[in-house]
Amino acid sequence: MSLDAGALFAGCEPERYSLHTRYLNEQLVRVLKAIGFDVGFCRGEGPYLFDRKGTRYLDLMSGWGVFALGRNHPAVRDALKSVLDGNLPNLVHMDVSPLAGLLAKRLLQHVPYLEKVYFSNSGSEAVETALKFARAATGRAGIVYCSHAFHGLSYGALSIIGDETFRTGFAPFLADCVEVPFNDLHALDRALATRQVGAFVVEPIQGKGVHVAADGYLQDALTLCRKYGTLFIADEIQTGLGRTGRFLAVEHWGVEPDIVLLAKALSGGHIPVGAVLTRKTIFDKVFSSMERAMAHGSTFGKNDLAMAAGLATLDVLKHERVIENAARTGDRLFAAFTKMSHQHELIKAVRGKGLLIGIEFGPQRSLKLRATWAALHALNSELFCQTIIIPLFKDHKILSQVAGHGINTIKIQPALTITDADCEWVERSFDQVILEAHRGPATALTLGKTLIEHAIRPRATA
Ligand SMILES: Cc1ncc(COP(=O)(O)O)c(C=O)c1O
């Protein structure tokens, strides 16, 4: 008897929120209900989602960046089916898979200055691996990371992120991790000068708040790393594989890291995967002898489904000129938001590259609007963005997100395959919603208060 997942999904669909409330994360269900996002998505295709009524939404989150090719890309699906239909000898462990060898070779063609690949099962696991590799290769314990960084939520990764909300309740963290302000070379110099630091870990564009490395920062940071014998690790888990209009974001600044981390989009969103691309000298310090052939690894690493999905993803990126499309549509959206920022007082800044764009909101000059801003902030520091995100969803069928805790930036991170018609959809919708926010501060305030009331209502009635 075979299981029909589609039929099961349809059968359980009406119960999805009660199932999650009872058996999974109840608080998440409360959030979805409070903001009216409980529309029950039933289908995904390319950059679009369809709710239970068949209404089409443009998804600007793309599963936190995993669906760079859009949802259910036929080439990735076919690759996965072919693995299953091929009866491949997956995960033998006392053998090696040709697919993993091929994917490693193809990835390294994009970063010819690196020579080896380690495959993990997620972004956090790639970060953990890089921290271990850096310590093994340098013999130094210290790790330097940037304020506002996000590198994942496993213990090593959590030890090097600049977000207290994620860390609260989970201390103590990994020792010898030092935070420096992003884009501050003097602070980095001081931290590395101890010569106790094995690695400097940095996102070229920080996902939280969408902060872009200042011109010259990454190049000079690399020079400092070389001077003090520290490895430079670029976390491209979010920015890599075309997201910023180049294969890697570091290419915008001509920087060649010692280690590059990839995950998210690598498998077209279907199978969890991560990759640590590194210099041979580093790799050889970890896997230094036959006794140490398994010094680091994990049960599902290099599995054939993930490897095939990775190979299909690289093919699609190339043959469908996806990265070129990300650069072009990203430039178009960036220009449109910049233009809007001149028309709407509420937009304080527009940042990003390619299809990773942050729109930061700030208090307005006019007294009436300033008062609304202050009132919303008094209720909750990240509430203002919800007064944009909710009407975008309800009235314009656009799914978007705040770019982190306690900040006023909305992050745009759609599939890299979006069209000009999708860009028009985004531009028109944001323009109208922001215009409304200017016109109707009272509406924003009412919405804010309703949200707070929902959030504090007792569980049973949420
Ligand atoms: C830059 C960066 N590094 C690491 C991670 C962690 O990846 P994962 O969620 O796959 O563990 C993320 C996830 O959002 C990320 O954006």
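Residues numbered from 1 in each chain as written. Predicted model: local features only at pLDDT ≥ 70, side-chain atom pairs only at ≥ 80, totals over all residues. Heavy atoms only, no water.

## Some points on the overall build of the protein
Tallying secondary structure elements over the protein gives 18 helices and 17 strands in all. Here the C-alpha radius of gyration of the protein, 23 Å, is about what a compact globule of 462 residues would show, namely 23 Å. Dimensions along the principal axes, computed over C-alpha positions, put the protein at roughly 70 × 65 × 45 Å. Here the protein, with 462 residues, has 52% of them falling under the buried criterion. Taking the average location of the 50 positive side-chain charges in the protein and that of its 46 negative ones, the two points are 3 Å from each other. (Helix = DSSP H or I, 4+ residues; strand = E, 2+ residues; numbered from the N terminus. Rg over C-alpha atoms; globule rule 2.2 N^0.38 Å. Buried < 20%, exposed > 50% of the residue type's maximum accessible area, 1.4 Å probe, protein only. Lys, Arg positive; Asp, Glu negative; His and termini not counted. Charge placed at Lys NZ, Arg CZ, Asp CG, Glu CD.)

## Examining helix 3 (residues 26-34)
Those residues of helix 3 that fall on the buried side of the exposure criterion are Glu26, Val29, Arg30 and Ala34. Looking straight down helix 3, one finds its buried side chains confined to an arc of 135°; they lie on one side. In this structure Asn25 caps helix 3, since a side-chain oxygen of it lies 3.0 Å from the backbone nitrogen of Gln27. Residue Gly36 follows helix 3 closely and has a positive phi angle near 75°. (Arc of directions from axis to C-beta. Polar contact = N/O pair within 3.5 Å; in protein donor to acceptor, adjacent residues only side chain to side chain.)

## Digging into the packing of aromatic side chains
For the structure on display, the rule yields 15 aromatic pairs. When the ring of Phe37 is compared with that of Phe393, the centres are 3.9 Å apart and the planes differ by 15°; the resulting orientation is stacked. Residue Phe37 is found in the loop between helix 3 and strand 1 (41-45), and its partner Phe393 is found in helix 16 (residues 383-396); the two are separated by 356 residues along the sequence. Of the two residues examined, Phe37 and Phe393, each falls in the buried class. Pairing Phe337 with Phe430 gives two aromatic rings, centres 5.0 Å apart and planes at 85°, and the pair type is edge-to-face. Taken together, the residues span a long stretch of sequence, with Phe337 in helix 14 (residues 322-343) and Phe430 in helix 17 (residues 420-439) at a distance of 93 residues. Put simply, the rings of Phe37, Phe41, Tyr57 and Phe393 touch in pairs and so form one group of aromatic residues. (Phe/Tyr/Trp six-rings, centres within 6.5 Å; stacked < 30°, edge-to-face > 60°.)

## Details of the packing of helix 5 (residues 74-85) against helix 13 (residues 304-319)
It is the contact of helix 5 with helix 13, at a shortest axis distance of 8 Å, that shows an interaxial angle of 150°. By the angle between their axes, helix 5 is roughly antiparallel relative to helix 13. Of the two possible hands of crossing, helix 5 and helix 13 adopt the one that is right-handed. Taking contact as the criterion, the partners of Ala75, Val76, Ala79, Leu80, Val83 and Leu84 in helix 5 are, on helix 13, Asp304, Leu305, Ala308, Ala309, Ala312, Thr313 and Val316. Of the residues that constitute the contact of helix 5 with helix 13, the class distribution is 11 nonpolar, one polar and one charged. (Axes fitted to C-alpha atoms, helices over the stretch in contact; angles between N-to-C directions. Parallel < 35°, antiparallel > 145°, perpendicular 65-115°, else oblique. Left-handed = near helix turned anticlockwise from the far one by under 90°. Contact = heavy atoms within 4.5 Å. Nonpolar A, V, L, I, M, F, W, Y, C, P; charged D, E, K, R; others polar.)

## Considerations on the site of the ligand
Within the structure, the ligand sits among Ser122, Gly123, Ser124, Phe150, His151, Gly152, Glu203, Asp235, Ile237, Gln238 and Lys264. Between a nitrogen atom of the ligand and a side-chain N or O atom of Asp235, the distance comes to 2.7 Å. Protein burial of the ligand: of its 390 Å² of free accessible surface, 79% is covered by the chains. Of the residues contributing to the shell around the ligand, the split by class is two nonpolar, six polar and three charged. (Near = heavy atom within 4 Å. Areas by Shrake-Rupley, 256 points an atom, 1.4 Å probe, with all protein chains shown as cover.)

## Examining the pattern of salt bridges
Here the structure, examined in full by the defined rule, presents 16 salt bridges. Put simply, Arg16 and Glu13 hold a salt bridge, and the shortest N to O gap is 2.9 Å. Owing to a relative accessible area of 9%, Glu13 belongs among the buried residues under this scheme. The closest approach of N and O atoms between Asp420 and Arg332, which form a salt bridge, is 3.1 Å. Remark: Arg332 occurs in helix 14 and Asp420 occurs in helix 17; sequence separation between them is 88 residues. Under the relative-accessibility criterion, Asp420 is labelled partly exposed at 30%. Taken together, the shared-partner salt bridges in this structure form one network comprising Arg328, Arg332, Asp420 and Glu427. (Salt bridge = Lys/Arg side-chain N within 4 Å of Asp/Glu carboxyl O.)

## A word on the pairing of strand 1
Looking at chain direction, strand 1 and strand 2 (residues 48-51) are connected through four bridges and run antiparallel. The residue bridging Gly44 from the neighbouring strand is Leu49, located in strand 2. Between strand 1 and strand 2, which pair antiparallel in sequence order, lie two residues; one of them, Gly46, sits at a positive phi of approximately 60°. (Pairing = 2+ DSSP bridges.)

## Re the packing of helix 16 against helix 17
Between helix 16 and helix 17, whose axes approach to 10 Å, the crossing angle comes to 125°. By the angle between their axes, helix 16 is oblique relative to helix 17. For helix 16 against helix 17, the interelement crossing comes out right-handed. For the pair helix 16 and helix 17, the contacting residues are Thr387, Ile388, Pro391, Leu392 and His396 in the first and Trp425, Ser429, Phe430, Gln432, Val433, Ile434 and Ala437 in the second. Among the residues forming the contact of helix 16 with helix 17, the class breakdown is eight nonpolar, four polar and no charged.

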